[in-house]
Amino acid sequence: MESTASKSKEKVGMSSEEKFIFDTNGYLVVKGVLSPGEVKSANAAIDAHSHLFKERTGKLRNTVEGTPLGGDGRTGRSDVGGFLEWQPPHRDVFRSILAHPALIPYIHELCGEGYRLDHSPLIFTQRQGSEGFSLHGGPVNAQGQWDPILQYQCQQGRLYTNLLAVSVQLTDINPGDGGFCIVKGSHKAAFPTPPEMINGLAHTEHVYQPTTSAGDVVIFTEASVHGTLPWTSSEERRIALFRFAPATCGYGRAYYPQWPEKTYEGITEEQRAVLEPPYGNRLDRPKVDADNSVQIQKRTEFKKGFDKEVFGTEYF
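Residues numbered from 1 in each chain as written. Predicted model: local features only at pLDDT ≥ 70, side-chain atom pairs only at ≥ 80, totals over all residues. Heavy atoms only, no water.

Colleague: Describe the side chain of threonine 125, listing the residues and the values that go with them.
Modeller: Mapping threonine 125 onto the fold places it in strand 6 (residues 122-126). Those residues within four positions of threonine 125 in sequence are excluded, and the remaining contacts are Phe53, Arg77, Ser78, Glu236, Arg237 and Arg238. (Helix = DSSP H or I, 4+ residues; strand = E, 2+ residues; numbered from the N terminus. Contact = heavy atoms within 4.5 Å.)

Colleague: I'd like a description of the sheet that holds strand 11 (residues 179-182), backed by residues and values.
Modeller: Pairing is antiparallel in the open sheet, where three strands are placed in the order 7-13-11. Taken across any chain shown, the strands that pair with only one partner, and hence form the sheet edges, are strand 7 (133-136) and strand 11. Put simply, the sheet's adjacent strands are angled 30° from each other on average, direction ignored. Looking at chain direction, strand 7 and strand 13 (residues 226-229) are connected through two bridges and run antiparallel. Bridged to histidine 136 within strand 13 is histidine 226. (Pairing = 2+ DSSP bridges. Axes fitted to C-alpha atoms, helices over the stretch in contact; angles between N-to-C directions.)

Colleague: Just give me the short version of helix 5 (residues 104-111), but keep the residues and values in it.
Modeller: For helix 5, the buried fraction is high: eight of the eight residues fall into the buried class. Buried residues of helix 5: Ile104, Pro105, Tyr106, Ile107, His108, Glu109, Leu110 and Cys111, and no others. (Buried < 20%, exposed > 50% of the residue type's maximum accessible area, 1.4 Å probe, protein only.)

Colleague: Outline the packing of aromatic side chains, listing residues and values.
Modeller: A full pass over the atoms with the stated rule returns nine aromatic pairs. Measuring from centroid to centroid gives 6.4 Å for tyrosine 27 and tyrosine 208, while their planes differ by 40°, and the two rings are tilted. On the criterion of sequence distance, the pair formed by tyrosine 27 in strand 2 (residues 27-31) and tyrosine 208 in the loop between helix 6 (195-198) and strand 12 (217-221) is long-range, its members being 181 residues apart. Here a set of aromatic residues connected by ring pairs shows up, and it is made of Phe83, Trp86, Phe94, Tyr115, Phe242 and Phe244. (Phe/Tyr/Trp six-rings, centres within 6.5 Å; stacked < 30°, edge-to-face > 60°.)

Shown next, in the form of structure tokens:
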């Protein structure tokens, strides 16, 4: 299912069609979030920082040796973080994703108001022959037990996910190229993923690779079983991966006790709101509204005063 970003700017929340597709499959492609100029700027920033990328080799590889997801067996995925701290203009397009007008309706629908950046965002690249990533995620663990950390549900017409991946495509992904793959509907699985399927040895007909264009964004719940196929194209694959969570949920811990100092330099009010740690909206949490403004649900001064007397702080 594909959705047009320009349309999303004119609405609050996801359409009924988008909700159906996401609820059925566990993912959605939002088309044209970044303009060609923004894609060019993002790739120029990556080129300028290519020396910072670290290739995953040896024990850091994401696949089991000798399995179909292992690519040529030598070439690893290359990763870089810290790009929200790069000097302008190289950081700007990546920071825009934190509170992008085309994405806010989707993140609000899936994480709720007051959503927050959970993991440190990551850029990774795949060269031809690069390994993929064994299937992972899902709402149950390897023992078949319910996993409270990675969950998705739909209640009374509202969609909820504990952890939402927002994958910004910086190059085209054509049929058969490889890259991101997903087991459609697995966000509702009641049984663990078979080990042979995890490593690409069986049931590959159920593993789907979406095709996307540079500037598109793939959003998916981390409750879905997903991974990466080996990269076959001669053109390098590049994506920037963000994970967002509801206001009160936390998985990563890079935010503690705060994000790196340079992350806050020159940041907008809207972007800063998304960097808040996990706590409830009613505790003076700044949150990005649908119109890209920042709103705060104020806790009354007399309640904060009472909490100060009881707990020694303004918040319980």
